[in-house]
Amino acid sequence: MMHVKRLGEISGLVLRLNTSYGRWSGSHKLDLGEMSGIPLKNNPSFILCFLSGTVYLDHAGATLFPQSQLTSFTKDLMENVYGNPHSQNSSSKLTHDTVEQVRYRILAHFHTSPEDYTVIFTAGSTAALKLVAEAFPWVPPGPESSGSHFCYLTDSHTSVVGMREVVAAMNITSIPVRPEDMWLAEEQDATAASDPDGQPLHLFCYPAQSNFSGTRYPLSWIEEVKSGRMCPMGGPGKWFVLLDAAAYVGTSPLDLSVHRADFVPLSFYKIFGFPTGLGALLVNSRSAPLLRKTYFGGGTAAAYLAEEDFYIPRESVAERFEDGTISFLDVIALKHGFDVLERLTGGMENIRQHTFTLAQYTYTALSTLRYPNGAPVVQIYSDSEFSSPEVQGPVISFNVLDDNGNIIGYSQVDKMASLHNIHVRTGCFCNTGACQRHLGISDEMVKKHLQAGHVCGDDVDLIDGQPTGSVRISFGYMSTLEDAQAFLRFIIATRLRPSHGQPLPLVTPGEAGALPAESEAQKAVPATRARRSPSLQEDASPDSRVWDNSPTTVDAVSLRPPLLETTRTQQTPSEKAAGIPDGGLGSHIVTNLFLYPIKSCAAFEVTGWPLGNQGLLYDRSWMVVNHNGVCLSQKQEPRLCLIQPFIDLQRRIMVIKAQGMEPIAVPLEENSKPAQICQSKVCADRVNTYDCGEKISSWLSKFFGRPYRLIRQSSDFQRNARKKRGKDQSARTTATLSLVNEAQYLLINRSSVLELQQQLSTRDENGKEELFPVNNLISRFRANIITNGTRAFEEEKWDEISVGSLHFQVLGPCHRCQMICIDQQTGQRNRNVFQKLSERGERKVNFGLYLMHTSLDLSSPCYLSVGSQVLPVLKENIEHYDLPASEKQQAVIS
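Conventions used here
- Residues numbered from 1 in each chain as written.
- Predicted model: local features only at pLDDT ≥ 70, side-chain atom pairs only at ≥ 80, totals over all residues.
- Heavy atoms only, no water.
- Helix = DSSP H or I, 4+ residues; strand = E, 2+ residues; numbered from the N terminus.
- Buried < 20%, exposed > 50% of the residue type's maximum accessible area, 1.4 Å probe, protein only.
- Contact = heavy atoms within 4.5 Å.
- Areas by Shrake-Rupley, 256 points an atom, 1.4 Å probe, with all protein chains shown as cover.
- Pairing = 2+ DSSP bridges.
- Axes fitted to C-alpha atoms, helices over the stretch in contact; angles between N-to-C directions.
- Salt bridge = Lys/Arg side-chain N within 4 Å of Asp/Glu carboxyl O.
- Disulfide = S-S within 2.5 Å.
- Parallel < 35°, antiparallel > 145°, perpendicular 65-115°, else oblique.
- Left-handed = near helix turned anticlockwise from the far one by under 90°.
- pLDDT = per-residue confidence, 0-100.
- Phe/Tyr/Trp six-rings, centres within 6.5 Å; stacked < 30°, edge-to-face > 60°.
- Polar contact = N/O pair within 3.5 Å; in protein donor to acceptor, adjacent residues only side chain to side chain.

Student: Where do I start with the overall build of the protein in this structure?
Tutor: Within the protein, the regular secondary structure consists of 24 helices and 40 strands. Sorting the 894 residues of the protein into buried and exposed places 55% on the buried side. Across the protein, the fraction of contacts at a sequence separation of at least 24, relative to all contacts at a separation of at least 6, is 71%. About 38,400 Å² of surface is accessible on the protein, with carbon and sulfur atoms providing 50% of the total.

Rendered as structure tokens:
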């Protein structure tokens, strides 16, 4: 079993490896081992945006930028006027000359010159690849020739594989080549080599570094293939090589004076973090004249006629292929990127050694981790043993295993990592070929996964117990040893436990990956029942009361915990309010009702409430958005749970309260005056909303300390529910939704909460059991309907339920995210809740059921009430759940 002590031993071992890789040069002459241990926040030049307490391990996706880079760039823009480079005025000439200087700087970075390579700016490496596919001099098959061939390594980015669709339109054959075939070709005798000067022309594409596993393929393949000594396929012809360098050049030098690829696409944000949306195609001067172009855009023509088919392209290769005005300010930003990179690191060779050492250290530690039964904790997907940066980049792709060797879905790992403020990448990373090869996924399985609803980039991580992707971590030049250690602590804490059952300590306060400290505003909020979401007074009708201004006068129905026993539950205050004798109505009773008028804000508990066509009336009718109109949840803004909305149906207002703020009222009815209509998104669904005005916006902005607004779903906008997720996958519902995530109602079973409570129990220093408060747990799941069942998780077998005269269809389980770790009393996080649910061994972390009402007749008022009997229908036989005869005779409160 892996101990913290052993982790320290590994740490010491790898630190010794670190020191053997030399020193940083330039103004920061620090030993590489020392550099790995310096928190970036202590270096003013290294301050990164939004990195406080965050461990960022997705540098292969997009690296980060230092503050000094932005400061230098913005200072440049403030001091100079850069005009359109296609004009002739002085500001335009300044732009043109600066852009040309950046071209030289790019070529120098790759150890080449304008005589040997041309820089064509593109929108990114994908656009560069598409340009090659369209402009390469393909020769279609004919009577005397089989034509050109497009060959690509199967371990290639989607954007490379996508080139085959362009060439297919030109009747060109595409041939995938496996890495094993290329490695075998390296060992074969070169006597069967093709004619390097023959016809037709072929193109071979391969990555310098796999973006899936970090495998670095030999740069020697470039010359081997071009010379004809090694061929991706048999047959006559001349081979050209496209080296996909996008993933490679972010952490490693590339010398094009030695490895003279014909085409080199890249994206600059992989190197500098900023700017995004800018890439380049580096074209070998010997290959450039062969490129053909059809479309011509602004700035690419030497001359053309509008009324005659006459067009003469510009002589410069770059000008000929850069259609329209390039993103010249972004190009100018590259100069500052190069300056800062050189000043902070001393060059790409230092970056290569630094990032590889961190990856090697992490790989060594991960490979050592074992469960008590000797089973490995992770399965790593790699073609190397991280022996050298020549064969392996700073990327580790893996899946986490349980102690039986079963894979834990990457989506679950990602959610747990987020709780530890660790950013990873999950899925197949736009590299299906490598994903299939390493995970053993056949072509038939990929098609089967698609039929099951899995698409690239979603969170469907396991199908029939088999993984659809993996977890990837990757290091950049600003990564530190603390980042690697915080990640390893996360794996140890969530997978390995000491004998007393408690998780190992993760990080010390202030260390990377630690939870942020409780803010003063949150400390000031008393964790009392009166402060939380009080209900209507118990002797009142559902539409007659709202919480008054003094918490001490509230006769609220609170989330008081029932008797802490696993065999039965205590009668709740809501049951008493409904006149239910203790245990009198049996096992399936509605014990609590909640609505959440403002999405992600505090609950409003009631004993009875009217229904609308979207669920409980006014449930999630409003939401808070940021200054860009993006919907906020507690995942981004945990303090939303401190905002307490209360509905007064008589006065037709919603009163909103928060600690330290004067209450504010928002009308329930839409204003008759013209409102500002805006669009937002909820769970990828577009919704029409209107703004609730400046007054409430100022109130929210004052509380949160940043510009927020309150918006409401427009009454004339209908958002339809998605497909039913039950047994009939083809059936579509006609239910409409408010601003909820997926369904009109969410139900949880109190017995399930009690079992989770037992799993979360701890013992104090005297051995006395301490139980997690039930009311705290219930509030975290943010359900509308709480039932009082007899068996934990029995609700997972329900297909339908009736509550009095109302009927509900079960849509499926609620897949839980990190929000259940947020204490709804304080806004603070506790990781244990999600961790315990994830240990149930299911593919998803599920808790609760999604419901929609069926055949709802709103011609007369419909209410849900506490005390109503719940009659389930099981999935297996679609028969009513067996109830004792005495319970069947009880009156149903509806």
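Student: What exactly am I supposed to notice about the sheet that holds strand S19 (residues 590-595) here?
Tutor: By way of backbone hydrogen bonds, the strands of a sheet pair with one another, either parallel or antiparallel. The strand order across the open sheet formed by eight strands is S20-S19-S35-S32-S38-S37-S36-S40, and the pairing between neighbours is mixed. Across the chains shown, the open sheet's two edge strands, defined by having one partner strand only, are strand S20 (604-606) and strand S40 (870-874). In this sheet, neighbouring strand axes are inclined to one another by 30° on average, regardless of whether the strands run parallel or antiparallel. Pairing between strand S32 (residues 745-749) and strand S38 (residues 846-854): three bridges, direction antiparallel. Across the sheet, Tyr745 pairs through a bridge with Leu851, a residue of S38. Docked against the sheet, helix H21 (residues 750-759) engages S19, S32, strand S35 (785-787) and S38, running at close to 55° with respect to S32. Its contacts with the sheet put helix H22 (residues 774-781) on S19, S32, S35 and S38, and the angle it makes with S32 is roughly 150°.

Student: Is there a simple way to think about the pattern of salt bridges in this case?
Tutor: Two side chains with opposite charge may pair up if their charged atoms get near one another. According to the stated counting rule, one finds 25 salt bridges in the structure shown. Linking Lys293 and Asp323 is a salt bridge whose minimum nitrogen-to-oxygen distance equals 2.8 Å. A residue pair is termed long-range when its members are at least 10 positions apart, and Lys293 in the loop between strand S8 (279-284) and strand S9 (301-304) and Asp323 in the loop between helix H11 (317-321) and helix H12 (328-345) qualify at 30 residues. The exposure class of Lys293 is partly exposed, given its relative accessible area of 25%. In this structure Asp323 comes out as partly exposed when scored by relative accessible area, which is 35%. Here Arg791 makes a salt bridge to Glu794, at a shortest N to O gap of 3.8 Å.

Student: Teacher, can you tell me more about the side chain of Arg103 here?
Tutor: Residue position: Arg103 is located in helix H4 (residues 90-109). Once residues lying within four places of it in the same chain are set aside, the contact partners of Arg103 are Val119, Phe121, Ala318 and Glu322.

Student: Would you mind showing me how to read helix H20 (residues 694-704) here?
Tutor: It helps to recall that an α-helix has 3.6 residues per turn; residues three or four apart then point in one direction. Those residues of H20 lying buried are Ile696, Ser697, Trp699, Leu700, Ser701, Phe703 and Phe704. Gly705 sits one or two positions beyond H20 and adopts a positive phi of about 75°.

Student: Please explain the state of the cysteines as it appears in this structure.
Tutor: The bond known as a disulfide is covalent and runs between the sulfur atoms of two cysteines. A full pass over the atoms with the stated rule returns one disulfide. Bridging Cys428 to Cys435, the disulfide has an S-S length of 2.1 Å. Because the torsion about its S-S bond is -50°, the bridge between Cys428 and Cys435 counts as left-handed. Here Cys428 and Cys435 have matching classes, each one buried.

Student: Even after reading the chapter, I still don't get the sheet that holds strand S24 (residues 644-648), so can you show me in this structure?
Tutor: Across the sheet, three strands lie side by side as S24-S25-S26; this open sheet has antiparallel pairing. Each end of this open sheet is capped by a strand with a single partner; those strands are S24 and strand S26 (664-667). When strand polarity is set aside, the average angle formed by the axes of neighbouring strands in this sheet is 25°. As paired strands, S24 and strand S25 (residues 653-657) are joined by five bridges and run antiparallel to one another. Bridge assignment links Ile647 to a residue of S25, and that residue is Met654. Across the sheet, H20 touches S25 and S26, and the angle it forms with S26 is around 140°.

Student: Help me understand the packing of H4 against H12, please; the structure alone is not making it clear to me.
Tutor: Pairs of packed helices are described in terms of their axes, by the angle between the two and the distance that separates them. Here H4 crosses H12 at 45°, and the two axes come no closer than 9 Å. Classified by the interaxial angle, the pair formed by H4 and H12 is oblique. Two packed elements cross with a definite hand, and for H4 against H12 that hand is left-handed. Here Thr95, Thr98, Val99, Val102, Arg105, Ile106 and His109 of H4 lie close against H12, whose contacting residues are Phe328, Val331, Ile332, Leu334, Lys335, Phe338, Asp339 and Leu341.

Student: Quick question: what am I supposed to make of the environment of Leu617 here?
Tutor: With respect to the helices, strands and loops of the structure, Leu617 is situated in the loop between strand S22 (615-616) and strand S23 (622-625). Judged by relative accessible area, which is 28%, Leu617 ranks as partly exposed. In the structure, Leu617 is positioned 20 residues away from Pro597 in sequence and 8.7 Å away in space, judged by C-alpha atoms. Sequence-distant contacts of Leu617, defined by excluding residues within four places in its chain, comprise Leu595, Trp609, Pro610, Leu611 and Gly612.

Student: Is there a simple way to think about the confidence of the model for the protein in this case?
Tutor: The predicted coordinates of low-pLDDT regions are not to be read in fine detail. Mean pLDDT over the protein: 80, with 76% of residues reaching 70 or higher. Counting contacts from residues 498-586, a segment whose pLDDT is below 50, to residues more than four positions away or on other chains yields 195 contacts. With pLDDT under 50 throughout, residues 878-894 is counted as low confidence; its partners more than four residues away or in other chains account for 40 contacts.

Student: Sorry, what's going on with the packing of H21 against H22 here?
Tutor: For the pair H21 and H22, the least separation of the axes is 10 Å and the interaxial angle reads 120°. In terms of crossing hand, the pair formed by H21 and H22 is right-handed. Of the residues in H22, those touching H21 at Arg750, Val753, Leu754, Leu756 and Gln757 are Val774, Leu777, Ile778 and Phe781.

Student: I keep staring at unusual backbone geometry and nothing clicks. Help me out?
Tutor: It is generally the case that most residues other than glycine have a negative phi and that most peptide bonds are trans. Omega for the bond connecting Phe274 with Pro275 falls within 30 degrees of zero, at 0°, which places this linkage in the cis form. Among the secondary structure elements, Pro275 is positioned in the loop between helix H10 (269-272) and S8. Positioned with a positive phi, His111 is a non-glycine residue whose angle comes to about 60°.

Student: Any chance you could explain the packing of aromatic side chains here in plain terms?
Tutor: Two descriptors summarise a pair of aromatic rings, namely the distance from one centre to the other and the angle between the planes of the rings. One pass over the full model with this rule turns up 26 aromatic pairs. Ring geometry for Phe136 against Phe240: centres 5.6 Å apart, planes inclined by 80°, an arrangement best described as edge-to-face. Separated by 104 residues along the polypeptide, Phe136 in the loop between helix H5 (125-135) and strand S3 (149-153) and Phe240 in strand S6 (residues 238-244) bring together distant segments of the chain. Measuring from ring centre to ring centre gives 5.8 Å for Phe793 and Phe847, while their planes differ by 90°; the resulting arrangement is edge-to-face.

Student: What is the right way to look at the side chain of Ser752 in this model?
Tutor: Here Ser752 shows up in helix H21. Assessed through its relative accessible area of 0%, Ser752 is described here as buried. A polar contact is formed between the side chain of Ser752 and the side chain of Glu795, at a distance of 2.8 Å. Once residues lying within four places of it in the same chain are set aside, the contact partners of Ser752 are Ala792, Phe793, Glu795 and Phe847.

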